[in-house]
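# Survey of secondary and tertiary structure
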Amino acid sequence: MISENSAVGRQFLDDELRRAIESYFPRYPHRQAALLPALHLVHQRFGFIPREAIVELADFLGIHPAEVADVVSFYSFFKQDRPVGKYRIWVCRSLSCACRGGEGLLELLTQKLGVAPGQTTVDGLFTLEAAECLGACDCAPAVMVNDKLYGPMTPEKAEQLLEELRAAPAPEVTS
Amino acid sequence: MAIALVDGIVVEFDEREKLNGIQLARRAGIEIPHYCWHPGLSVVASCRMCLVEVGKHEPTTGDIFFFPRLMPACNIPASDGIVLVTQSAKVQQARAMVQEDLLLRHPVDCPICDKAGECYLQDYYFKYGHKQRRTPWHPFTSRRKDIGEKITLFVDRCIMCSRCVRFTREISGSGELMIVDRGNEQVIDIFPGFPLNNKLSGNVVDLCPVGALGDKEFLYKQRVWYLRSHGSICIECATGCALWVDENQDRIWRIRPRENPFVNKWWICNDGRYAYPYIHSPQRLTTAARRSPDGWRPLNAKTLLQELSAFLQEKERWVAVLSPFLTVEEAYLLARVIRQADPRAPLVLGYVPRTGRDETFPGGFTIAAEKCPNRRGVEEVIGYFARDVRPIDELPQVIHRHGAEALWITGGCRHGWEPIPWLEEIRELKLPVVLQDIFPSPLSESSEFIIPGATFAEKPGSYVNRHHRLQMVRAAIRPPKGVLPEGKLLWQLEGREGPYDPAAVLQELAEDIVYFRAALGPIPETGVDLRVNLLANSATDASNGPAAESMTIDS
Amino acid sequence: MTDFEPVLLANKTKDRSWTLTVYESGGGYQTLRQVLRHKSPQDVTKAVEASGLRGRGGAGYPTALKWSFLPMDHPGPFYMCANADESEPGTFCNRVQLECDPHQVLEGIILSCYATRIRRAYIFLRYEYHLAYQRLEDAIKEAYAAGYLGSNIAGSDFSLDIFVHRGAGAYICGEETGLLASIEGKRPYPRSKPPFPTSRGLFGKPTVINNVETLACVVHILQRGEEWFRSIGTPPPPEDPKELGSFGPKIFSLSGHVNRPGVYELPLGIPCRDLIERHGGGVWKGRRAKAVVVGGISTGILSCHELDTPLDFVGPVRAGCLGLGTGGVIVLDETFPIVELMYNGCRFFAHESCGQCTPCREGVPYAFQIVEAIRGGRGRLVDLDTLLEISQNIGITPGTTICGLADGAAWIVKTCVNKFREELEDYIRRTNPTGYKRRLPLGTIMLPPGVPAGIKTRFPKTLPPQGTSALSRSSQETGGN
């Protein structure tokens, strides 16, 4: 598929990652279908999808890098420019949360962290994200930090959460 | 036969044709506007411009049941009893809405857009759009991005029909193009470092219904309404793709594919598309001349004719080289002229350039390794006269065996004569050569006569591609001053009256040569398959006996 | 109705309800064993057909009918996709189900696959459900170990593999054909139908796509019988025999301005007021409800006068909404401005539009920009008409898009404008006292010159400072000229 080279580098997709991706192959009738799980693995490893990793992944799955990038750019979960912070904070702003103060919460965190939604703080600790419905409307307004849900939040609780996260050791990302 | 009703017009069709609504309406003479649908690509039904009302005729009751929703005509399989309504208020409203939506963020920079004049968005706006723009914002950006050697992208003009993306995935199979982001932020792009440089990339420009994809060779050169299109054939390889040659005042500005379902469908390769500048090269031979002791003596059309006729009579033993770049008619005329001078003159097939192997793309498009348009046609003409087609490599032996006194060589390949092993041998024989060619070459320097030839765009005639399809070409432009198209010269040399008439020559040779018999009568735009009648004829001819031999060549 | 006993959420209150032991102790997988031993696939399909089970994912399509479209003469393989990409704002019942009772869902999938002779199923789970993912994966492992999955399930000759496929934050993956494209590793664009997934679906093979709640219902239909299922809910009205009726329990997700948000398993057809007052503990802070989003944000809203609408497949439609949707009920109290609701809804759909069909890609952001202008005090009365016109013309209902995403935006706009026009007009008059009457499109929704609408920054609140304007930026980008 990739015209100019068969010797695509292996700096991003090392053997471990390749094995992990390969373990998904039996689930699907063709390799391209393993793209989304593979992207999750890459994102988990690097905190974003590096451009070179796209090329290597495309080579591994037997498709063109453009077909990978096409999918990557569609999903709002994947970052392409730089790694996400240690804590990725999703603030739900959908109706159930918004009507109970989700928008205010997002604004508060924007001010507290000094970054706009989608950006990462300079110290690389926090990435703030505006989420479209986290599916946690029963604990609105909801906030998700990496893979843990918090809610119902109040401005006070949110500030407290930030403090706790700042003080806490590195999180265990389980998924 | 199945029957459909399109806006009250009854259309008969065959369900096995697998038509869709747009094609069905075309049969009724009704054009349904569309952007994303293209007959050569998969159906996505995403532009929603081709929405129509669809009904189903119930044969038992005679009632027509209409579906409550509008449906995209491109995704409706034509079935018996289907009813399409393409002009109702509902349809018109939907079309106007789509037009309004598409223009919300479109820069409307038609004055600087190459596509203006042949842009679907423009045309449909005048036909189907609202009379007035009601949104107050006027976004004007026309971000340009180079996405390949030949292709440039105007990001903001794009209407996201995804034709180009589907083309790279389905037809060229290279997949360079992608859609980035989602929703109304999405744009077409390439992956950095992997530009759109495949051999079919030029087609995306023709596919683009708006001015988003531009051809750098054509960009800002001409307004399309000054161009006139002429049907032609690509001579760059033996596939013989059908072309439109777009010219303005005898200058070619653009080559586009012409639909021919039997040959190239809707595509051409970049080799054919971007080859045309040689036609306007200042290096071309434009003066007929004859060698004289003190250099070249230029000849005008009249003196050339006189001197050539005299020369033809003067020499008794001739050998002619019939180039595969000649049209069928020219090859026929040349063979006749030479055979008049020397009834036993051997005819040699000219230089057949080949590079690499046939390249076939996933969509079925093939670029042939044989880089000439008419080997098959010329071979058949030679076979008719000489029964024995000799390749040009055997030219010295042929000359030697025949004891030739003079040579008539035709060229026409824009790459000139590749390293020619026999050239030195010819030189040493000191035979006078009559050369018809388009560029100067070592051969032209040692010739007796140099006769400037015409390119495919400058002369009418017909070519036979490697799949035995004969296609007609009309002259798109006039040849440069001083150039004598081969057919015209040979027509006069043979002493025929009136202007050169290739159609008459074709009829004549179709009667003479069995292989060409299918070309009798009018030739359709898509050409004729010479094998069809050949098979039929061979049955009758085999019983009749004679003339069957010419078929044995290259079967 | 008071003695309604929840079945789908019966295990919710149990300790460690997500484990196989707890599930089996409550009679779990017994139905599967019984069915595999005594019933043929046709029997299962017949039971589901007789129960009148309709899809819980939003469209309410009869489940057995969908199964029956699988071609009989196809060499296969067939696929089952369990849709757990629940991204509809206001809906979280699938999350609760998968977190509390993943085995019930698995049993439902196994039974449904048995009925349709499918050998491989994918559960499409949205990425945000981390806990559900872990419990589901654990449950699948347990089920494999216990012989409920894999080859020769429970000693029968039926085999099935189930895989979980996680999304990555895209609402459109919940649309059935978008879901298929996502599993295939392509851009999740919904596909134009026909062909329907039951004839050409996942990887080009016949595929059944059902919501996980629908599949969970199958367990209880087979366990308790179709008569039990039909005894719950609202039968079709006698005067309209074409109507399919709304049978069975449904998990409603209640959120917004109520005292007790959460999931409530109730019979279909329960009046909206009952759900809010009796189960949700009423509107918070002692206020009154102004509007209620009836079944996830895309179905539109009920006004306070329509709260007696029964929540079944036809009730909301009669009240001018799109339908029951996912059963995600969001209550909004009397202080909540309607323009905020429209703003929030349109923003969501503009953000989540996949961008394939023109009317959705351009029309929804168009509506959003108009709503944003109204909200920002730049509205005109004539904008409401434009909004109505847009909302009546986009979506799958008029047929102008491939999937139903645009309908969500359309219904929010349509129901808000229709039901709260006075409030909106008041708002426009109040916030734009000088320009509300203006008809000509002059400066009302002005973009700063040179900024492409919606390219990177939709509507910057302030004009970019001189010198760094978008115009000069764009000229840099075109430097290659």
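Structure: see above.
Calculation notes
Residues numbered from 1 in each chain as written. Chains lettered and ligands numbered in written order. Predicted model: local features only at pLDDT ≥ 70, side-chain atom pairs only at ≥ 80, totals over all residues. Heavy atoms only, no water. Helix = DSSP H or I, 4+ residues; strand = E, 2+ residues; numbered from the N terminus. Buried < 20%, exposed > 50% of the residue type's maximum accessible area, 1.4 Å probe, protein only. Contact = heavy atoms within 4.5 Å. Areas by Shrake-Rupley, 256 points an atom, 1.4 Å probe, with all protein chains shown as cover. Lys, Arg positive; Asp, Glu negative; His and termini not counted. Charge placed at Lys NZ, Arg CZ, Asp CG, Glu CD. Core = buried A, V, L, I, M, F, W, Y, C linked by side-chain atoms within 4.5 Å. Axes fitted to C-alpha atoms, helices over the stretch in contact; angles between N-to-C directions. Parallel < 35°, antiparallel > 145°, perpendicular 65-115°, else oblique. Left-handed = near helix turned anticlockwise from the far one by under 90°. Nonpolar A, V, L, I, M, F, W, Y, C, P; charged D, E, K, R; others polar. Pairing = 2+ DSSP bridges. Buried area = accessible area lost by both parts, 1.4 Å probe. Salt bridge = Lys/Arg side-chain N within 4 Å of Asp/Glu carboxyl O. Arc of directions from axis to C-beta.

### Focus on the overall build of chain B
Check the secondary structure of chain B and you find 15 helices and 25 strands. Seen through its C-alpha atoms, chain B measures out along the principal axes to roughly 85 × 60 × 40 Å. Counting the 555 residues in chain B, one finds 61% classified as buried. Pairs at least 24 apart in sequence give 66% of the contacts found in chain B among residues at least 6 apart. About 22,500 Å² of surface is accessible on chain B, with carbon and sulfur atoms providing 53% of the total. For chain B, the separation between the mean place of its 66 positive charges and that of its 69 negative charges on side chains is 4 Å.

### Observations regarding the side chain of T309 of chain C
Tracing the backbone through its elements, the reader meets T309 of chain C in the loop between β11 (301-303) and β12 (310-311). Residues contacting T309 of chain C, with those up to four places away along its chain left out, are I270, P271, C272, L302, G315, P316 and A319 of chain C.

### Describing the nonpolar core
Counting 238 residues, the largest nonpolar core has L39 of chain A, W408, L470 and F516 of chain B together with L341 of chain C as its most contacted members. With residues near it in sequence (within four places) discarded, L470 of chain B still touches V328, S462, Y463, V464, L506, F516, A519, I523, G527, V528 and L530 of chain B. Counting 69 residues, the second largest nonpolar core, distinct from the first, contains V48, A64, A115 and A216 of chain C.

### Examining the packing of helix α7 (residues 301-314) of chain B against helix α13 (residues 486-493) of chain B
All names here are of chain B. In contact at an axis separation of 10 Å, α7 and α13 are set at 60° when each is read in the N-to-C sense. With respect to each other, α7 and α13 are oriented oblique. Judged by the twist between their axes, the crossing of α7 over α13 is right-handed. In contact with L304, L305, L308, S309 and L312 of α7, α13 contributes L489, Q492 and L493. The residue makeup of the contact of α7 with α13, split by class, is 6 nonpolar, 2 polar and no charged.

### Quick word on the pairing of strand β20 (residues 406-410) of chain B
Residue and element names in this part refer to chain B. Most of β20 is tucked away: 5 of the 5 residues are buried. By the alternation rule, side chains of β20 split into A406, W408 and T410 and L407 and I409, which are all buried. In the sheet, strand β16 (residues 318-322) pairs with β20 via 4 bridges, with the strands oriented parallel. Directly across from V319, in β20, lies its bridge partner L407. Relative to strand β21 (residues 433-437), β20 is paired through 4 bridges, and the arrangement is parallel. Paired with L407 across the strands is V433, a residue of β21.

### Examining the interface of chain C and chain A
One frequently used descriptor of interface size is the decrease in accessible area upon assembly of the parts. Listed as interface residues are 55 residues of chain C and, on the opposing side, 40 residues of chain A. Of the roughly 3,900 Å² buried at the junction of chain C and chain A (both faces included), carbon and sulfur atoms supply 56%. The shortest N-O distance in the salt bridge between D138 of chain A and R95 of chain C comes to 2.9 Å. Listing elements by their share of the side of chain C that touches chain A, those giving two or more residues are β2 (120-125), α7 (130-145), β3 (161-166), α8 (176-183), β7 (249-256), β13 (328-333) and α13 (338-352) of chain C. Of the residues forming the side of chain C that touches chain A, the biggest block, 6 residues, is contributed by α13 of chain C. Looking at side-chain class alone, the side of chain C that touches chain A contains 27 nonpolar, 16 polar and 12 charged residues.

### A few points about the sheet that holds strand β7 (residues 151-154) of chain B
Residues and elements named next belong to chain B. One open sheet accounts for 3 strands, arranged β6-β7-β10; its pairing is antiparallel. The sheet terminates laterally at β6 (144-146) and β10 (213-215), the two strands that pair on one side only. Strand-to-strand twist in this sheet, taken as the mean axis angle between neighbours without regard to direction, amounts to 30°. Direction of pairing for β7 relative to β10: antiparallel, over a ladder of 3 bridges. Directly across from I151, in β10, lies its bridge partner D215.

### Describing helix α2 (residues 30-38) of chain C
Residues and elements named next belong to chain C. For α2, the set of buried residues is T31, L32, V35 and L36. Along the long axis of α2, the arc covered by the buried residues comes to 125°, so they all point the same way. Exposed residues on α2 whose side chains face more than 90 degrees from its buried face are R37 and H38. Among the structural elements, α3 (41-51), α6 (102-116) and α9 (212-224) are those in contact with the buried residues of α2.

### Let's talk about the interface of chain B and chain C
Counting from both sides, the interface comprises 39 residues of chain B and, opposite them, 51 residues of chain C. Approximately 4,000 Å² of surface area, both sides summed, lies buried where chain B meets chain C, with 49% of it carried by carbon and sulfur atoms. If you sort the residues of chain B by the area they bury against chain C, R134, W137 and R182 of chain B come out on top, with a joint share of 18%. There are 2 salt bridges connecting chain B and chain C. The closest approach of N and O atoms between R105 of chain B and E362 of chain C, which form a salt bridge, is 2.8 Å.

### Digging into the sheet that holds strand β13 (residues 251-257) of chain B
Residues and elements named next belong to chain B. Taken in spatial order, the 3 strands make up an open sheet running β11-β12-β13, and their pairing is antiparallel. One side of each edge strand has no neighbouring strand; the edge strands of this open sheet are β11 (228-233) and β13. When the angles between neighbouring strand axes are averaged without regard to direction, this sheet yields 30°.

### Comments concerning helix α15 (residues 381-393) of chain C
Within α15 of chain C, 10 of the 13 residues are buried, which leaves the element mostly enclosed by the surrounding structure. Turning to α15 of chain C, its buried residues are L381, V382, D383, L384, T386, L387, L388, I390, S391 and N393 of chain C. Where the residues of α15 of chain C are buried, they touch α2 (89-104) of chain B together with α13, α14 (358-375), α16 (405-419) and α17 (421-431) of chain C. At the exit of α15 of chain C stands G395 of chain C, carrying a positive phi of roughly 115°.

The values reported here are purely geometric and, on their own, carry no functional implication.
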